[in-house]
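Next come the chains, spelled out residue by residue.
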Amino acid sequence: MRIRIFYTLLLAVASSVGFSLYASNNPWDEAEMIVASIKRTSFPDAIFNIVDFGARPGDSTAVFHEEINRAIVVCSQSGGGTVLVPAGTFYCGPITMKCNVNIHLEEGAELKFSTDRFLYFPSVLTRWEGLDCYNAHPLIYAYGETNIAITGKGVINGQASYDDWWVMKGRSPQTAITQNAARAQLLRDAENFVPVYRRVMGPQDGLRPQLINFHSCHTILIENVTLKNSPFWVIHPLLCQDLIVRGVYIESHGPNSDGCDPESSKNVLIENCYFNTGDDCIAIKSGRNADGRKWSIPSENIVVRQCEMRNGHGGVVIGSEISGGYKNLYVEDCKMDSPELDRVIRIKTNNCRGGVIENVYVRNIEVGQCREAVLKINLLYEAKEDCNHGFPPTVRNINLDNVVCNKSRIGIYLVGYEDSDNIYDINITNCKFDNVEQPTSVIGAKNVALKDLYINGKLME
């Protein structure tokens, strides 16, 4: 009942509080209004040191998540404050956040999470690749909490590697436990509208947990911490509102190591962060296929600024689990550079997803090099997916201004449907792309406007 009530209320808010609140002729004024509207966290001065609850630094023979979780509960029940992780290395299992708690890692502090998968069960309610289910407890998890934070200059280390979590991707036939069968079954369950309470994953299923997953929370801050070696997605805010991710350093090169994936979330600021990942650096989502359309809650009002992206499948990405749609993305003053960065701005979806993706504004981006394309919009992503293909998506009003890239294989790469124009109103202005093998490749798009776009020194028209 609690879940149903929350989703109903959130859907009502998403429907009634729209982008009209930020109406302006200048979209960048609207971005500033979004940032100003985000509620900020605030905590009492009380401090709860995890050492006082029995956690011991440097002891690798034990895990201390029960002690850390007890500090969190006591802090929350006492009216809130800071749960302090002092300098030192603390080994632990799953941590659960509570209202009005700031987990603060001092400089020199490190939380090292066990790779014993049995510690992360029983399952909790989450989404896995955009599909609702009960799966392994994320390393740090919250459900329905308010005013929560993870701050400090310490390290949160998931300790994932190809010796444990990452091998479950199933790339090797010798892998004892892989995600392959459970992932396929979860996809079938969603297509067949199997109730979520029956989609329960266990340790044998290999669906890896997120490093941080906040579900149905609001007023959130993640600031200055270093996040390393996540089993799966690194930061996954799901059905959240009023979130700031600031000054976070993310280094995780495993499969599906997306850096930050806001899903069906609203009013989000990501700034001054560093991403070096094994998948998309930032990937905005809103549910997959029938599950995403069922809730029909878009992600919206997300501002990304002054970030640095190194390796990854894409710098700033929308999709592919985007069935609830997306609107109002602002990306500015970012730097990207790596031969292992595939794209700068990427939108990926297909006709199993449906939904409308609109109002994307990008400006002042410096790119040393990327492997494939500066802008790629792909409506044929995973085109052979086993699902109902009757929901063609729409992508519209995508704007790039003052984007400079020194090297890429393709400049503008639009992959739509040959028999329809589901990509339209694409505006590329005042941009310069050099050392490009193929300037443009456009299929199934209309109203593609190129103004003061120079590719390999030539003005494009």
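Calculation rules
Residues numbered from 1 in each chain as written. Predicted model: local features only at pLDDT ≥ 70, side-chain atom pairs only at ≥ 80, totals over all residues. Heavy atoms only, no water. Helix = DSSP H or I, 4+ residues; strand = E, 2+ residues; numbered from the N terminus. Buried < 20%, exposed > 50% of the residue type's maximum accessible area, 1.4 Å probe, protein only. Pairing = 2+ DSSP bridges. 1 Å grid on protein atoms, 1.4 Å probe; cavity = no way out; pocket = protein on both sides within 12 Å on 5 of 7 lines; lining within 4 Å. Points joined across faces, edges and corners; volume = space filled by probe spheres on them. Nonpolar A, V, L, I, M, F, W, Y, C, P; charged D, E, K, R; others polar. Axes fitted to C-alpha atoms, helices over the stretch in contact; angles between N-to-C directions.

S.K.: An account of the environment of Thr349 is requested, with residue identities and associated values reported.
M.R.: Its place among the elements puts Thr349 in the loop between β25 (343-348) and β26 (356-367). By relative accessible area, which is 0% here, Thr349 ends up buried. Sequence separation between Thr349 and Ile297 is 52 residues, and the spatial gap between their C-alpha atoms is 16 Å.

S.K.: If you had to explain the pairing of strand β17 (residues 249-252) to someone new, which residues and values would you point to?
M.R.: Taking every second residue as pointing to the same face, the buried face of β17 carries Ile250 and Ser252, while none of Tyr249 and Glu251 on the other face is buried. Note that β17 and strand β19 (residues 274-277) share four bridges and pair parallel. Bridge pairing in β19 places Glu251 opposite Asn276.

S.K.: Please give an account of empty space enclosed by the protein that cites residues and values.
M.R.: Under the defined criterion, the tally for this structure stands at two cavities of 30 Å³ or more. Within this model, the second largest cavity holds a volume of roughly 40 Å³. Forming the boundary of the second largest cavity are Arg117, Phe121, Ala136, Trp165, Met168, Gly202, Pro203, Gly206, Leu207, Arg208 and Pro209. Along the lines of polarity and charge, the residues of the lining of the second largest cavity split into seven nonpolar, two polar and two charged.

S.K.: With reference to specific residues and values, describe the sheet that holds strand β20 (residues 282-284).
M.R.: The six strands lie next to each other as β20-β23-β25-β27-β29-β31, forming an open sheet whose pairing is parallel. Each of the sheet's edge strands pairs with one partner strand only, and the pair in question is β20 and β31 (436-443). Each adjacent strand pair in this sheet contributes to an overall mean axis angle of 10 degrees, direction not counted. Where strand β27 (residues 373-378) lies against strand β29 (residues 408-415), five bridges are found, and the strand directions are parallel. Bridge assignment links Asn378 to a residue of β29, and that residue is Val415.

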